[in-house]
Amino acid sequence: MLSEPIRECALCPRLTQYRADNRREQPSWHNAPVPSFGGLDARILVVGLAPGLKGANRTGRPFTGDYAGDLLYSTLSRYGLARGTYAADAADGFTMVDCRITNAARCAPPANKPLPTEFAACRPFLAAEIAAMSNLRGIFSLGRGSHDQVLSTLGLRKMAYPFGHGRVHHLPSGLILTDSYHCSRYNTNTGRLTEAMFHQAMDCLLTALTSY
Ligand code: SF4
């Protein structure tokens, strides 16, 4: 049985206060834990860090409505992991194909940076999600923070699986963890991540899965 955070989840006092402030300022926004997107029967789980304030926190769907979503969803479409026309709106009819997207922390944090205690508080939800995905074979982690949270959730040592863009980790459970730099506007504007590099990281995951 999948355990999901309730809309009024108050396990993180700072994020709960931030949510209340955002509800006051933007009452039409989602302003709540953002549910994952895609079926629990998917083979691939994409794990981001936390909802963007004006993206997922506004629209209620992971990576929807901000710059990171443009690159992520165009990439998923390119690889047949999404179907439809992405229009940066949770009601655009866009769907995932054998892929699900979640965040290590489900609530938008100030300055896009969850605290370690907030990741820890939200970890049981990610653990429950992974446990509920019976067909899960590959995890695509967006950024070092997400990579670290996936390892913590799975009870694995970070030293044993160092983060690296395009790096493929074969985990003891048989899961394949592949890392990418986060597809944020900052990373693409600074040239740390190009579209080609992002595609290359996804290639690494899909190639590893075909020889699974
Ligand atoms: S980040 Fe997770 S644990 Fe913290 S308040 Fe939001 S849903 Fe609850």
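Summary of the structure given here. Model, not experiment: these values are computed from the prediction.

Basis of the calculations
Residues numbered from 1 in each chain as written. Predicted model: local features only at pLDDT ≥ 70, side-chain atom pairs only at ≥ 80, totals over all residues. Heavy atoms only, no water. Helix = DSSP H or I, 4+ residues; strand = E, 2+ residues; numbered from the N terminus. Buried < 20%, exposed > 50% of the residue type's maximum accessible area, 1.4 Å probe, protein only. Near = heavy atom within 4 Å. Nonpolar A, V, L, I, M, F, W, Y, C, P; charged D, E, K, R; others polar. Pairing = 2+ DSSP bridges. Core = buried A, V, L, I, M, F, W, Y, C linked by side-chain atoms within 4.5 Å. Contact = heavy atoms within 4.5 Å. Phe/Tyr/Trp six-rings, centres within 6.5 Å; stacked < 30°, edge-to-face > 60°. Lys NZ or Arg CZ within 6 Å of the ring centre and 35° of its normal.

With respect to the helices, strands and loops of the structure, A20 is situated in helix α1 (residues 13-25). Since its relative accessible area comes to 31%, A20 is described here as partly exposed.

Let us now look at the site of the ligand. Surveying the vicinity of the ligand reveals the residues P5, C9, L11, C12, L15, R19, P33, R106, C107, A121, C122 and F125. Here the shell around the ligand gets three residues from one element, more than from any other, and that element is helix α4 (residues 116-132). The class makeup of the residues in the shell around the ligand is ten nonpolar, no polar and two charged.

In terms of burial, strand β7 (residues 176-180) is largely enclosed, as five of its five residues are buried. Alternating residues of β7 divide into I176, T178 and S180 and L177 and D179, and every residue in both groups is buried. Pairing analysis gives five bridges linking strand β5 (residues 138-142) to β7, with the strands arranged parallel. Bridge pairing links I139 to L177 in β7. Count of turn residues in the strand β6 (residues 168-170)/β7 antiparallel hairpin: five residues, of which G174 carries a positive phi of about 100 degrees.

Moving on to the nonpolar core. Membership of the largest hydrophobic core comes to 29 residues, with the highest contact counts inside it found for L72, Y73, L76, M96 and C183. When residues of this core are traced back to their parent elements, those giving at least two are β1 (44-48), α3 (67-78), β4 (99-103), β5 and α7 (195-210). Among the elements that take part in this core, α7 stands out by supplying seven residues, more than any other. The contact partners of Y73, leaving out residues within four places of it in the chain, are F37, R61, P62, F63, T64, Y86, F94, M96 and I101.

Bringing the packing of aromatic side chains into the picture now. Summed over all chains, the structure comprises six aromatic pairs. For the pair Y73 and F94, a centre-to-centre distance of 5.3 Å together with 80 degrees between the ring planes defines the contact as edge-to-face. Taken as a pair, Y73 in helix α3 and F94 in the loop between β2 (82-83) and β3 (95-96) lie far apart in primary sequence, 21 residues in all. Taking the relative accessible area as the measure of exposure, Y73 reaches 1% and is therefore buried. Judged by relative accessible area, F94 falls into the buried class, the value being 3%. Both rings, one in F140 and one in F198, keep their centres 5.8 Å apart while their planes meet at 55 degrees; by these two values the pair is tilted. One end of the pair, F140, is in strand β5; the other, F198, is in helix α7, and 58 residues separate them in sequence. Look at F198 and you get buried, because its relative accessible area is 0%. Each residue in the set F37, Y73, Y86 and F94 is aromatic and connected to the rest through ring pairs, giving one cluster. Over the ring of Y181 we find R192; its NZ or CZ atom is 4.3 Å from the centre of that ring.

In short, the description is geometric, and any link to function would need to be established separately.
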